[in-house]
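The primary structure of each chain is shown beneath.
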Amino acid sequence: DIGDLLLLKGDALFHFGQVEDGIVVLERALLSEQRSTGSNPDEHVAILSRLAVAYRQLGNLQEVSSMLRKTVRIKETSLGKDHPEVALAMEPLADLLGEQGLLVEQ
């Protein structure tokens, strides 16, 4: 599948320090996954998570937040809000918000 190949290529580019090029490839993988008739939520989340890591490397915290929020939304939709994997998906977002001083404890 083309999405899987793009994912592998993006990972290889990251490995060799070509973060911007890797982001471009992963964005293409994301589009490919979204257009796929049998879209797989786990694959979608995997791509978004890799993009979040890449954007963090570039210091683009707004994009990191966007990718992590999408990840949480997909997990909530596919598994339900009370599923343990949703809580695991929220952890990196909570860490990011905490680092930015935007996390309010209740």
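First, a word on what this report is: a plain description of the structure on this page.

Cut-offs used in this document
- Residues numbered from 1 in each chain as written.
- Predicted model: local features only at pLDDT ≥ 70, side-chain atom pairs only at ≥ 80, totals over all residues.
- Heavy atoms only, no water.
- Helix = DSSP H or I, 4+ residues; strand = E, 2+ residues; numbered from the N terminus.
- Buried < 20%, exposed > 50% of the residue type's maximum accessible area, 1.4 Å probe, protein only.
- Contact = heavy atoms within 4.5 Å.
- Axes fitted to C-alpha atoms, helices over the stretch in contact; angles between N-to-C directions.
- Parallel < 35°, antiparallel > 145°, perpendicular 65-115°, else oblique.
- Left-handed = near helix turned anticlockwise from the far one by under 90°.

### Quick word on the side chain of Lys-75
Here comes step 1: Tracing the chain through its elements places Lys-75 in helix H4 (residues 61–79).
Here comes step 2: Lys-75 sits in the buried class, given a relative accessible area of 11%.
Here comes step 3: If we skip the residues at most four places from it in the chain, Lys-75 touches Asp-42, Val-45, Gly-80, Glu-85, Val-86 and Ala-89.

### A look at the environment of Gly-22
Here comes step 1: Topologically, Gly-22 is positioned in helix H2 (residues 19–35).
Here comes step 2: The spacing of Gly-22 and Pro-41 is 19 residues in sequence and 21 Å in space, taken between C-alpha atoms.

### Considerations on the packing of H2 against helix H3 (residues 41–58)
Here comes step 1: The contact between H2 and H3 brings their axes to 10 Å, and the two run at 160 degrees. Taken together, H2 and H3 sit at an angle that is classed as roughly antiparallel. Between H2 and H3 the crossing geometry is left-handed. Contact residues: Val-19, Glu-20, Ile-23, Leu-26, Glu-27, Ala-29, Leu-30, Glu-33 and Gln-34 in H2; Glu-43, His-44, Ile-47, Leu-48, Arg-50, Leu-51, Ala-54, Tyr-55, Gln-57 and Leu-58 in H3.

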